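# Chains, contacts and geometry: an overview
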Amino acid sequence: DAKTTQPPSMDCAEGRAANLPCNHSTISGNEYVYWYRQIHSQGPQYIIHGLKNNETNEMASLIITEDRKSSTLILPHATLRDTAVYYCIVRAPNFGNEKLTFGTGTRLTIIP
Amino acid sequence: GAVVSQHPSWVICKSGTSVKIECRSLDFQATTMFWYRQFPKQSLMLMATSNEGSKATYEQGVEKDKFLINHASLTLSTLTVTSAHPEDSSFYICSASRPKPGQGGYEQYFGPGTRLTVT
């Protein structure tokens, strides 16, 4: 699976949009971009994933660049509950072995 | 939907004893489940991949005889830490995956974790 690079930490004011970048310059054509987050002392929570088109769901939006070498997770109106470590992971779908390799992620702190 | 539970949520055991952690997918069937371990202020590290009805595949450096994994049904996988030592104290997290309809790829849903403390 391709490696990802994320900033170690970010702050965002409550109510503003939080934009979390991720670089994945070695991504392969069949690899998806996944985002998870982990609130302190809890299991990771799936947020969103995509292949090449931008995706949106009730939690966030995922913007993938045309060359697919980077992506941005957008939390449109950040709340204090969005404080967590956010992980960007790229991986190819391979039923029976779709393990996730977690990097160090970005620690997002929402400031009141 | 897609809820994964773990039991217990925390456990304290004495050194040398064994402890079993259960992972259940409550509202979907998961052919594949995964077990992770997370030490304080570190990221999740995959321990093993568990497929229903077959032997688990362990990551390099994980002792299969110490961390016994059983995946007896499509909704239950168990991790038994045998002869636990204080260095096994950690946050153990399981996950279960299912195909995401219409979009391709898989969603992996995580349990809330089990905090193990070995004294």
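This is a predicted model, so every value here is computed, not measured.

Cut-offs used in this document
- Residues numbered from 1 in each chain as written.
- Chains lettered and ligands numbered in written order.
- Predicted model: local features only at pLDDT ≥ 70, side-chain atom pairs only at ≥ 80, totals over all residues.
- Heavy atoms only, no water.
- Helix = DSSP H or I, 4+ residues; strand = E, 2+ residues; numbered from the N terminus.
- Buried < 20%, exposed > 50% of the residue type's maximum accessible area, 1.4 Å probe, protein only.
- Pairing = 2+ DSSP bridges.
- Axes fitted to C-alpha atoms, helices over the stretch in contact; angles between N-to-C directions.
- Phe/Tyr/Trp six-rings, centres within 6.5 Å; stacked < 30°, edge-to-face > 60°.
- Lys NZ or Arg CZ within 6 Å of the ring centre and 35° of its normal.
- Salt bridge = Lys/Arg side-chain N within 4 Å of Asp/Glu carboxyl O.
- pLDDT = per-residue confidence, 0-100.
- Polar contact = N/O pair within 3.5 Å; in protein donor to acceptor, adjacent residues only side chain to side chain.
- Contact = heavy atoms within 4.5 Å.
- Buried area = accessible area lost by both parts, 1.4 Å probe.
- Core = buried A, V, L, I, M, F, W, Y, C linked by side-chain atoms within 4.5 Å.

## Looking at the side chain of Thr80(B)
- Mapping Thr80(B) onto the fold places it in strand β8 (residues 76–81).
- A relative accessible area of 16% places Thr80(B) in the buried class.

## Digging into the sheet that holds strand β9 (residues 106–111) of chain A
Residues and elements named next belong to chain A.
- Taken together, five strands build an open sheet; the order of strands is β1-β9-β8-β3-β4 and the sheet is mixed. Pairing within the sheet leaves two strands with one partner each, and these edge strands are β1 (9–13) and β4 (45–50). Geometrically, the sheet is characterised by an average inter-axis angle of 25° between neighbouring strands, direction not taken into account.
- The pairing of β1 with β9 spans five bridges and is parallel. Bridging from a neighbouring strand, Asp 11 pairs with Thr 109 of β9.

## A closer look at the packing of aromatic side chains
- The final tally for this structure, using the stated rule, is twelve aromatic pairs over all chains.
- Pairing Tyr36(A) with Tyr46(A) gives two aromatic rings, centres 5.7 Å apart and planes at 75°, and the pair type is edge-to-face. Placement of the pair is Tyr36(A) in strand β3 (residues 32–38) and Tyr46(A) in strand β4, with a sequence separation of ten residues. An identical accessibility class is assigned to Tyr36(A) and Tyr46(A); each is buried.
- Feature note: the residues Tyr32(A), Tyr34(A), Tyr36(A), Tyr46(A), Tyr87(A), Phe102(A), Phe28(B), Tyr36(B), Tyr109(B) and Phe110(B) constitute an aromatic cluster, connected by ring pairs.
- The lysine or arginine in question, Lys66(B), covers the ring of Phe67(B), its NZ or CZ lying 5.9 Å from the ring centre.
- The lysine or arginine in question, Arg98(B), covers the ring of Phe28(B), its NZ or CZ lying 5.4 Å from the ring centre.

## Observations concerning the pattern of salt bridges
- Under the defined criterion, the tally for this structure stands at three salt bridges over all chains.
- Among the ionic pairs, Asp82(A) bridges to Arg37(A), the shortest N-O distance being 2.8 Å. You can see Asp82(A) sitting in the loop between β7 (70–75) and β8 (84–91) and its partner Arg37(A) sitting in strand β3, a full 45 residues away along the chain. The exposure classification of Asp82(A) matches that of Arg37(A), with both residues buried.
- Here Lys66(B) makes a salt bridge to Asp88(B), at a shortest N to O gap of 2.8 Å.

## Here we look at the confidence of the model for chain B
- Mean pLDDT over chain B stands at 91; residues scoring 70 or higher make up 97%.
- Taken element by element, the predicted model of chain B shows its lowest mean pLDDT in strand β10 (residues 106–110) of chain B (82) and its highest in strand β11 (residues 114–118) of chain B (97).

## Re the sheet that holds strand β6 (residues 61–64) of chain A
- Taken together, four strands build an open sheet; the order of strands is β2-β7-β6-β5 (chain A) and the sheet is antiparallel. With partners counted over all chains shown, the strands left at the sheet margins are β2 (18–23) and β5 (55–56) of chain A, one partner each.

## A closer look at the side chain of Gln38(B)
- Its place among the elements puts Gln38(B) in strand β4 (residues 32–38).
- Given the relative accessible area of 10%, Gln38(B) is considered buried.
- At a separation of 2.9 Å, a polar atom in the side chain of Gln38(B) contacts the main-chain carbonyl oxygen of Gln42(B).
- Among residues more than four places away in sequence, those in contact with Gln38(B) are Gln38(A), Tyr87(A), Ser43(B), Leu44(B), Ser90(B), Phe91(B) and Ile93(B).

## Section: the interface of chain B and chain A
- On the side of chain A, 24 residues touch chain B, which itself brings 25 residues to the contact.
- Both sides of the chain B and chain A interface together cover about 1,900 Å² of buried area, and 53% of this is carbon and sulfur.
- There are zero salt bridges connecting chain B and chain A.
- The interface formed by chain B and chain A includes four residue pairs in polar contact (both at pLDDT 80 or more).
- Elements with a contribution of two residues or more to the side of chain B that touches chain A: β4, β5 (45–51), β9 (90–99) and β10 of chain B.

## Section: the nonpolar core
- Ranked by internal contacts, the top residues of the largest apolar core, which has 26 residues, are Val4(B), Phe28(B), Trp35(B), Phe67(B), Leu79(B), Tyr92(B) and Leu116(B).
- Secondary-structure elements contributing two or more residues to this core are β2 (10–13), β3 (19–25), β4, β5, β7 (67–73), β8, β9 and β11 of chain B.
- Other than its neighbours up to four places away in sequence, Leu116(B) contacts Val11(B), Cys13(B), Val19(B), Val81(B), Asp88(B), Ser89(B), Ser90(B) and Tyr92(B).
- In terms of nonpolar packing, the next biggest core, distinct from the first, is built from 21 residues, Ile47(A), Leu62(A), Leu75(A) and Cys88(A) among them.

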